[in-house]
Every structure is written in C-alpha cells, then in structure tokens.
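Chain by chain, the residues run as shown.
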Amino acid sequence: MLPSTSSTPLTSFDQIRAQWQQLLGRSSVNNLYVTPVWQELWWSEFQDGRSLAGFFLTDSEGEVSAIASLSRADDQYSLVGNSDTFDYNDFIVASGEEDVFYPALLDAISADGAQCLDLFSISEDSPTLELLPDLARGRGYAVEVAEEDVAPRIELADTWDDYLAGLSKKDRHELRRKLRRLDSQGNWRWYCVTDPAEASDRMDTFIDLMRRSDPDKAEFLTAEREAFFRRMVEATASEDILRLFFMEMDDLAVAASLCFDYDGVRMLYNSGHDPEYRYYSVGLLLHSLCLRDALESGYRYFDFLRGNEPYKYRLGGQDHHLYRIRLERTGVGA
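Everything numeric here is computed off the predicted structure, so don't read it as measured data. (Residues numbered from 1 in each chain as written. Predicted model: local features only at pLDDT ≥ 70, side-chain atom pairs only at ≥ 80, totals over all residues. Heavy atoms only, no water.)

Engineer: Please clarify how the sheet that holds strand β1 (residues 5-10) should be interpreted in this entry.
Structural biologist: Each strand in a sheet pairs with another by means of backbone hydrogen bonds, the pair being arranged parallel or else antiparallel. What the 4 strands build is an open sheet, ordered β1-β3-β4-β7; its pairing is antiparallel. Strands with a single pairing partner mark the edges of an open sheet, and in this sheet they are β1 and β7 (92-93). Of the pairings in the sheet, the one linking strand β4 (residues 64-68) to β7 comprises 2 bridges and is antiparallel in character. Looking at the pairing, Ile67 lines up with Ile92 of β7. Across the face of the sheet, helix α1 (residues 17-24) comes into contact with β1, β4 and β7 while running at roughly 100° to β4. Lying over the sheet, helix α3 (residues 98-111) contacts β1, β3 (54-59), β4 and β7, oriented at roughly 140° with respect to β3. (Pairing = 2+ DSSP bridges. Helix = DSSP H or I, 4+ residues; strand = E, 2+ residues; numbered from the N terminus. Contact = heavy atoms within 4.5 Å. Axes fitted to C-alpha atoms, helices over the stretch in contact; angles between N-to-C directions.)

Take a look at the structure:
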C-alpha cells in the first residue's frame, strides 16, 4: 500500500514551478512573497552563502500538497527571504493537509541536523502560528513566539463614499481638504505604468523620488537592494502584477507608489515623493488615489504592508499582526 504522502528535497525554484503555482490556489497562505517568481528573484540577489534546504510533499495521487521553502546556514534553518524585502512569509500547504505537513516538517529538519528553525513575517491568521508552536513543544523544542511588526490593511468598501464614511471625522475632513487643495493647483495628473519596458525605464525616477523623500529610505537603498528593486519591477511587470503609479505637477514627477495586484488585493510596497511638493501632500494623496482605483476595480483589500507609519492609519488602515517563531532543539524528545 502506498503511503499517503512522500517527501522530496526542493533543489530549485523551477523544479515544481507549475505545481507550486497551482498549490497556491489551494492553500490558506497565498500571497506574492510565497510565489516562485518572488522567491527565486530574492534568492538570486541575497542568497549570501546559504543553501536550499526545503522539501515538498506529494499525496498518494502524485499531487504536490505542501512546500517548505527553507534555507540553511550550518545548522540554522529559516524560510527563504528576509524581513527587509518580504512583508509576509510562510509555508504553502493545501487546506486539510496541515496535520500531515507540520509533523513532516519537524521530522525533516530533525533528520537534517537542524538546531534552530527561525520563521519570520508569519501572519496572525496563519496555520503555522496556530499549529506549529504546540506541536514543536510536544517534541521537546524550546519555542519562542514574538510579535514582529504590523501590516495595516483596509477591507475595501463598495463605493468611495462608503470608504470615506468609514474614516474618522477628522481624517475624512483632512483627506477631502487636501484633495480640494490639489485640484486648485490645476496642472496635475496621475497615471499607472504596467508595461515591463516602460516600468524599467521609469525606475530611475522612482528610485530618485524614494531616496529624496526620506533619509531612512535613502539609507535602505543600498546598491544591492536597488538592484533587487529593478529586477523585481521587471519580473512582476512581466507577470502583470506590477502597478507603478506616478503623480505629476507642472509636468514633473512629484510622487510615486509602487504597488502589486495579487489575488484580489492591492499591496503598497514602497513609495517616494519630492519634498518640495510636500505642501500638497502628494505622497498621501497618490496613495489615496491608488486605494480608490483598487476599490473601483472590485478588489477585496488594500494592504499597506509592513510598518506603522501614521499615513496608513489616516487612510483607514487597521493593524494586521506579524509574528516571528523560533524553534530550538533542547535534546529532549526532538
């Protein structure tokens, strides 16, 4: 009699690309960061001496039922990615297969000599957060679960007026006032770039606005991260996921919002603006226009992603929590 599942080492992102994409639609975890295109792109830029150490499970009918995209450095294991460039991360498990996958995960890392498994950017509604800590404790692991960050998001209303009605009185008044002030300026427009070649051509403008808008963003944009951004924009545009928004005033680009559309959600990944046009709140207003466009396109959520910047709450964001889970072997029952 065949076993219900079998485990196979994950040696590349091409190995099961088609099955990976198909599994995402059957998993409770489905976001851009756990797609093969994002993971492969990150790995090509930031591998930094780590090796792939993941595996995938197939069921008795030969269908891929779970994927653990893991990397290792010595006996330290983690998910592929990092919190600088991944807002969410997790395992991909077909709904109903969790009771098979998580024991198989602990079996696999134990057999491979792992002393530590460090998981980051795990969403508050993840099966991993619900199931893995207690299972690992039962096997003798020391388990630490800590809140890592927040990722504010909005469940989108049916109409723009309904959205505005959901804001606080103060925030609603301020947003309307800022939009009127922008309109009074007269010579402004906003638009979206999706074509891969055009998006690549506009990256110099985006990077410049990002750097000038915030000293922390300028520091974040190392040469390595800038290269990742450029390749990421090209790759996501080719997959028709990229939505690169610009606002112009007096025929000059004064704000940019880098968004992704995936599975009924618009995600605001990063942004920049010209400080000389801060009087017009160009950054905040471009975000609001991106949000309105998502609402009118019928999307379910607008996700501001990682970070508790005040503008996210002024536009109605509600905290969604991210967690870090760390397992360490104690030698008892592991």
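Moving on from the coordinates now.
Engineer: So what exactly am I meant to see when it comes to the sheet that holds strand β13 (residues 252-262) here?
Structural biologist: The sheet built from 6 strands is open, its strands ordered β10-β15-β14-β13-β12-β11 with mixed pairing. Pairing within the sheet leaves two strands with one partner each, and these edge strands are β10 (153-155) and β11 (188-193). Put simply, the sheet's adjacent strands are angled 20° from each other on average, direction ignored.

Engineer: What exactly am I supposed to notice about a negative patch on the surface here?
Structural biologist: Taken together, the side chains of Glu124, Asp125, Glu147 and Asp319 make up a negatively charged region of the molecular surface. In this fold, Asp319 is placed in the loop between α12 (310-314) and β16 (321-329). The class for Asp319 is partly exposed, based on a relative accessible area of 37%. (Patch = residues over 30% accessible without salt bridge, like charges linked within 9 Å, V, L, I, M, F, W, Y side chains within 5 Å. Areas by Shrake-Rupley, 256 points an atom, 1.4 Å probe, with all protein chains shown as cover. Salt bridge = Lys/Arg side-chain N within 4 Å of Asp/Glu carboxyl O. Lys, Arg positive; Asp, Glu negative; His and termini not counted. Charge placed at Lys NZ, Arg CZ, Asp CG, Glu CD. Buried < 20%, exposed > 50% of the residue type's maximum accessible area, 1.4 Å probe, protein only.)

Engineer: Which parts of the structure should I look at to understand the packing of aromatic side chains?
Structural biologist: The geometry of an aromatic ring pair is captured by the separation of the ring centres together with the interplanar angle, meaning the angle of the planes. Applying the stated criterion to the full structure yields 26 aromatic pairs. Between Phe13 and Trp20 the ring centres are 6.1 Å apart and the planes differ by 40°, which places this aromatic pair in the tilted class. Trp20 matches Phe13 in its accessibility class, with the two residues each being buried. Its guanidinium or amino end placed over the ring of Tyr279, Arg181 lies 4.4 Å from that ring's centre, counting from NZ or CZ. Over the aromatic face of Phe246 sits the side chain of Arg202, whose NZ or CZ is 4.0 Å from the ring centroid. (Phe/Tyr/Trp six-rings, centres within 6.5 Å; stacked < 30°, edge-to-face > 60°. Lys NZ or Arg CZ within 6 Å of the ring centre and 35° of its normal.)

Engineer: Got a minute to help me understand the pattern of salt bridges in this structure?
Structural biologist: Two side chains carrying opposite charge are able to pair once their charged atoms lie near each other. Applying the stated criterion across every chain, the model contains 28 salt bridges. The partner of Arg17 in a salt bridge is Asp14, and the shortest N-O contact between them spans 2.8 Å. A salt bridge links Arg324 to Asp118; its shortest N-O distance comes to 2.6 Å. Note that Arg324 is positioned in strand β16 and Asp118 in strand β8 (residues 116-123), a separation of 206 residues in sequence. Classification of Asp118 by relative accessible area gives buried; the value is 12%. What you see here is one network of salt bridges that share partners, running through Asp240, Arg243, Asp261, Arg266 and Asp293.

Engineer: Looking at this structure, I do not really get the side chain of Lys178. What am I missing?
Structural biologist: For Lys178, the location among the structural elements is in helix α6 (residues 169-185). Apart from residues lying up to four places away in sequence, Lys178 is in contact with Ser281, Leu284 and Leu285.

Engineer: What should I look at first to understand the pairing of strand β14 (residues 265-273) in this one?
Structural biologist: With 9 of 9 residues buried, β14 is to be regarded as a mostly interior element. As paired elements, β13 and β14 share 8 bridges and run antiparallel to each other. Looking at the pairing, Ala255 lines up with His273 of β14. Between β13 and β14, which follow one another and run antiparallel, lie 2 residues, and Asp263 among them has a positive phi close to 55°. When β14 meets strand β15 (residues 301-303), the two strands line up parallel, connected through 3 bridges. Bridged to Arg266 within β15 is Phe302. Where the polypeptide runs from β14 across helix α11 (residues 282-296) and back to β15, its parallel neighbour, the crossover connection is right-handed. (Right-handed = clockwise from strand over helix to strand, strands pointing away.)

Engineer: Is there a simple way to think about unusual backbone geometry in this case?
Structural biologist: Keep in mind that most residues, glycine aside, have a negative phi and that most peptide bonds are trans. If you check the backbone angles, Asp250 has positive phi at about 55° while not being a glycine. Position of Asp250 relative to the elements: it lies in the loop between β12 (242-249) and β13. Note on Asp250: relative accessible area 38%, which makes it partly exposed. Notably, Asp251 is not glycine yet its phi reads approximately 65°, a positive angle.

Read these as spatial facts, not as claims about activity.
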